[in-house]
Amino acid sequence: GAVIGKWVYSNDAFFENVHFKKEWMSLKQIAQKAMLVNISDAIAMNAKPKYALLTVAIPKEYTNKDLKELAKGFKKVAKEFGIEIIGGDTISNIKLDISVTIISKTKKPILRSGIKKDDLLCYTGSLGSSKRDLEKLFLGEKVSKKSKFIKPKLNAEFFYKISKYVNASMDISDGLFFELERMSKQSKVGFEFFEKIDKDIGCSGEEYELLFSFDKKHKEKIEKLAKKYDVPLNIFAKAVKGKYSCECANHHFKD
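Remember, it's a predicted structure, so these values are computed and weren't measured experimentally.

Peer 1: I keep staring at the pairing of strand β6 (residues 120-124) and nothing clicks. Help me out?
Peer 2: Taken residue by residue, a regular strand's side chains alternate between the two faces of the sheet. In terms of burial, β6 is a largely internal element, five of the five residues being buried. Burial along β6 is two-sided: the residues Leu120, Cys122 and Thr124 and Leu121 and Tyr123 are all buried. Relative to strand β9 (residues 210-214), β6 is paired through four bridges, and the arrangement is antiparallel. Among the inter-strand pairings, Leu121 is bridged to a residue of β9, identified as Ser213. Both β6 and strand β10 (residues 233-240) contribute to a ladder of five bridges, which runs antiparallel. Within the sheet, the bridge partner assigned to Leu121 lies in β10 and is Ala237.

Here it is as structure tokens:
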């Protein structure tokens, strides 16, 4: 997200055959995920989403019923997060491509660049299920409607509550190891892992869990809030001198 004054602007593309295949998800689910992955960025920056602009490129063969399904998905998520859809554009295309811009408000933006030496690194939830579900979909198998690959689970209220204790944060969209490399570059630190993290966990993209750093003196307060909001925490590393680079392959796919 780009921070301009008290506003944060974030934009995400959600394109057919790059981020999803039509046979995997209903149109309503596609629209919902397109919104959620963008809202996830705003939350990770400690910003509250207020407005959305949507650009939807739609195949000519889509019916009115199809368009209503898409609209339902956008509206459901907008309502859930108190977002007003204020405009955008629709064009005809050979496949379904969606671009969402979310405009959010923040009092104190949290960036990738704020990690301090000796900070603890933590991520929410569990990682790896999106990669497993994507592999199942490629094999033509079905996955649960509750799969995080289909509907990311965002922990907004929890994160807003702990934000005053957080030094740096991101959401895990391209995989834990990818995001750590980005944070390492921006914060100019390396990481000392407490135990080895398996590649199936570290390279799993499309997770949309929160990744953040904090001073160890705030550990108990954060853990208490995590318990209150029923958010599992994984404290897995400490920030040290040096740099970190990732060895995962890009998780996006083409036809």
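Peer 1: Just checking my understanding: could you explain a positive patch on the surface for this structure?
Peer 2: Among the surface-exposed residues, Lys6, Lys48, Lys50, Lys105, Lys107, Lys161, Lys164, Lys217, Lys221 and Lys228 lie close enough to one another that they form a single positively charged patch. Where the positive patch is concerned, the elements lending two or more residues are β3 (48-59) and α7 (219-228). With respect to the helices, strands and loops of the structure, Lys6 is situated in the loop between β1 (2-4) and β2 (7-15). Classification of Lys6 as partly exposed rests on a relative accessible area of 46%.

Peer 1: I tried to follow the sheet that holds strand β7 (residues 166-171) on my own but got confused; where do I start?
Peer 2: Within a sheet, neighbouring strands are paired by backbone hydrogen bonds and run either parallel or antiparallel to one another. Reading across the sheet, the five strands line up as β7-β9-β6-β10-β8 and stay open at both edges, with antiparallel pairing between neighbours. Each edge of the open sheet carries a strand with a single partner, namely β7 and β8 (190-193). Mean inter-strand twist for the sheet, computed between neighbouring axes without regard to direction, equals 30°. Packed onto the sheet, helix α1 (residues 27-44) meets β7 and β9 and runs at close to 170° relative to β7.

Peer 1: Teacher, can you tell me more about the layout of surface pockets here?
Peer 2: Rolled over the atoms, a probe sized like a water molecule indicates the empty space that remains. Computed from the structure, the largest pocket encloses a volume of approximately 490 Å³. If you trace the largest pocket, you find 24 residues lining it, with Asp12, Asp41, Arg112, Asp171 and Ser173 closest to the centre. Counting only elements with at least two residues in the lining of the largest pocket, the list comes to β2, α1, β7 and α5 (176-187). Looking at the lining of the largest pocket element by element, the count peaks at five residues for β2. By residue class, the composition of the lining of the largest pocket is nine nonpolar, seven polar and eight charged. Around the second largest pocket, the lining residues are Asn46, Lys48, Lys50, Lys105, Thr106, Lys107, Lys108, Tyr160 and Ser163.

Peer 1: Teacher, can you tell me more about the state of the cysteines here?
Peer 2: Linking two cysteines covalently through their sulfur atoms gives a disulfide. Applying the stated criterion to the full structure yields one disulfide. Linked covalently through their sulfurs, Cys203 and Cys248 form a disulfide whose S-S length is 2.1 Å. Judged by the torsion about the S-S bond (-75°), the Cys203/Cys248 disulfide is left-handed. Of this pair, Cys203 sits in the loop between α6 (199-202) and β9 while Cys248 sits in the segment after β10, and the two are 45 residues apart along the sequence. The same class applies to Cys203 and to Cys248, which are both buried. Sulfur of Cys246: no disulfide; nearest cysteine sulfur belongs to Cys248 and is 3.7 Å away.

Reading the values: the criteria
Residues numbered from 1 in each chain as written. Predicted model: local features only at pLDDT ≥ 70, side-chain atom pairs only at ≥ 80, totals over all residues. Heavy atoms only, no water. Buried < 20%, exposed > 50% of the residue type's maximum accessible area, 1.4 Å probe, protein only. Helix = DSSP H or I, 4+ residues; strand = E, 2+ residues; numbered from the N terminus. Pairing = 2+ DSSP bridges. Patch = residues over 30% accessible without salt bridge, like charges linked within 9 Å, V, L, I, M, F, W, Y side chains within 5 Å. Areas by Shrake-Rupley, 256 points an atom, 1.4 Å probe, with all protein chains shown as cover. Salt bridge = Lys/Arg side-chain N within 4 Å of Asp/Glu carboxyl O. Lys, Arg positive; Asp, Glu negative; His and termini not counted. Charge placed at Lys NZ, Arg CZ, Asp CG, Glu CD. Axes fitted to C-alpha atoms, helices over the stretch in contact; angles between N-to-C directions. Contact = heavy atoms within 4.5 Å. 1 Å grid on protein atoms, 1.4 Å probe; cavity = no way out; pocket = protein on both sides within 12 Å on 5 of 7 lines; lining within 4 Å. Points joined across faces, edges and corners; volume = space filled by probe spheres on them. Nonpolar A, V, L, I, M, F, W, Y, C, P; charged D, E, K, R; others polar. Disulfide = S-S within 2.5 Å.

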